[in-house]
Amino acid sequence: MSKKQSNATKQANAQRAAERAAAIRKEQEAKERRRRVLVVSAAVIGVLALIVAIAVAVQSSRDTTGEASTPPAGAVDSYALPYGQAAAPVTVEIYEDFMCPFCGQFETASQDMLTEYVDQGDVLVEYQMISFLDRASNGTDYSTRAMNAVGVVLDTSGPEVAKEFHDLLFVNQPAEGTDGLSDEQLVDLAIRAGAERSAITQGIEDRSFEQWVKNASDRASKDDINSTPTVLVDGEKVEATTIDELVTETDEAIQAALEE
Amino acid sequence: MSATGVRPAAGRKIVPWVGVLARLVVGGVWLVAGLLKIPDPAENVRAVRAYQLLPESIVPTVGYALPIVEVLVGLLLILGLLTRISAVLSALLLVAFIVGIAAAWARGLEIECGCFGGGGGPAENASAKYPWEIARDFGLLLLSGWLVWRPRTPWALDNRVLPTVNP
């Protein structure tokens, strides 16, 4: 009886010892697993942080925005194509992208009205061109190429020819999402507007005002211009929900400014 | 912690695959969104600026970093590597985007979302798109939340490199 009991006690003791050992082993294993999770996570996160840091540096160096650029001779407000007399009492700024269909519609709808004001000497129009829509031309950067071409024409042939070229670009506006006009077509239109082939071909092909174009878009973005067309009359944004409304509201804003 | 163990047999079979689906959907969206943005850093900066929420001093860095962070979160989720941490990051980004879009909407800004590239460009009827953009991000947020809750899924690198903490 006592022998049996002693055996049972022995067995119980041995079992308890085994359980304790197993518990310790289990705890050590759990500790080891937690350590491994930490090490693996930290290693992966470290590598990823390094990748992000390198990528930010690379993207930053690819983005030349803000580097010095020389505006074309004849540009006003650094980035704008002027139409009208500098002394005109009212200034109308039009932010537009040559790939933007609504800008094309606005050009057509507002042309007669603006031309009249300009001819009377009442209004100076500043075409604030930008290149927000580069991704809408299958990688040919049409917005940039078109605006660069206007810069080249403005620089070499003066504001009148450049304004004519600007109008032709909207009359012959390519559909959004297509390649846009080729460099050759840009040259041909510029010649039709009155530019000399020899004076403009290289500048258009080499995008000699590309940095100017970039900086123009950057400034517009910093001035909270987030959609095109945007019209400012004497610095005051014209609010409208449709293109027709934008034309009428612009007309009214000009008249109000003239009456002041 | 782990999806296995106490669940009834049917649940045990389906639940892990919900996680795989969540990983692929959310990860796929991040990967595509990031890759589409990488080609044009200047555009990303403008897209971030258009929301008018961040100070100009950090706008460029955020614009440069966001696309690559999106690509990495996408890859981690698709591979199933550090699933819980990636899902937390994914959820935080989505909350930030939802706040950004809602704020633009509330303030009457007519901007392009810039979610898949673009941005800073013209946005006709932008406010008509905001609810859909928010709904999409909210759906992705729910899937990310699922992965934070149940990060262990089949077909994941985690199963090879990370031992389960409570097996």
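Everything that follows concerns the structure shown earlier in this document.
Values in this document were obtained by computation on a predicted structure and should not be read as measured data.

Thresholds applied
Residues numbered from 1 in each chain as written. Chains lettered and ligands numbered in written order. Predicted model: local features only at pLDDT ≥ 70, side-chain atom pairs only at ≥ 80, totals over all residues. Helix = DSSP H or I, 4+ residues; strand = E, 2+ residues; numbered from the N terminus. Buried ≥ 20, exposed ≤ 12 C-beta atoms within 10 Å, placed from the backbone. Contact = placed C-beta atoms within 7 Å. Expected span 1.5 Å × (residues − 1). Arc of directions from axis to C-beta. Pairing = 2+ DSSP bridges. Axes fitted to C-alpha atoms, helices over the stretch in contact; angles between N-to-C directions.

A.B. asks: What is the right way to read the overall build of chain B from this model?
C.D. replies: On a plain count of helices and strands, chain B comes out with six helices and zero strands. Along its sequence from the N terminus, chain B presents helices and strands in the succession α-α-α-α-α-α. Looking at the 167 residues of chain B, the share that counts as buried comes to 46%. Considering only contacts in chain B between residues 6 or more positions apart, those separated by 24 or more positions represent 71%.

A.B. asks: I tried to follow helix H7 (residues 243–259) of chain A on my own but got confused; where do I start?
C.D. replies: Three- or four-residue spacings in an α-helix give side chains the same orientation, since the helix completes a turn every 3.6 residues. Residues and elements named next belong to chain A. Given a rise of 1.5 Å per residue, 17 residues ought to cover 24 Å, and the 24 Å separating the end C-alpha atoms of H7 matches this to within 8%. Taken together, the buried positions of H7 are Ile 243, Leu 246, Val 247, Thr 250, Ala 253 and Ile 254. Angularly, the buried residues of H7 cover 130° about the axis, an arc narrow enough to put them on a single face. Along H7, exposed side chains directed more than 90 degrees from the buried face belong to Glu 245, Glu 252 and Glu 259. For H7, the elements touching its buried residues are strand E2 (90–96), helix H2 (101–119), strand E3 (123–129), strand E4 (230–233) and strand E5 (236–237).

A.B. asks: I keep staring at the sheet that holds strand E1 (residues 80–83) of chain A and nothing clicks. Help me out?
C.D. replies: The strands making up a sheet associate through backbone hydrogen bonding, with each pair oriented either parallel or antiparallel. Residue and element names in this part refer to chain A. If you trace the five strands from one edge of the open sheet to the other, you get E1-E3-E2-E4-E5, paired in mixed fashion. Of all strands in the sheet, those with a lone pairing partner are E1 and E5, marking the two edges. In terms of strand pairing, E2 meets E3 through seven bridges, oriented parallel. In the strand pairing of E3, Glu 96 is matched with Met 129. H7 contacts E2, E3, E4 and E5 of the sheet and is inclined by roughly 15° relative to E4.

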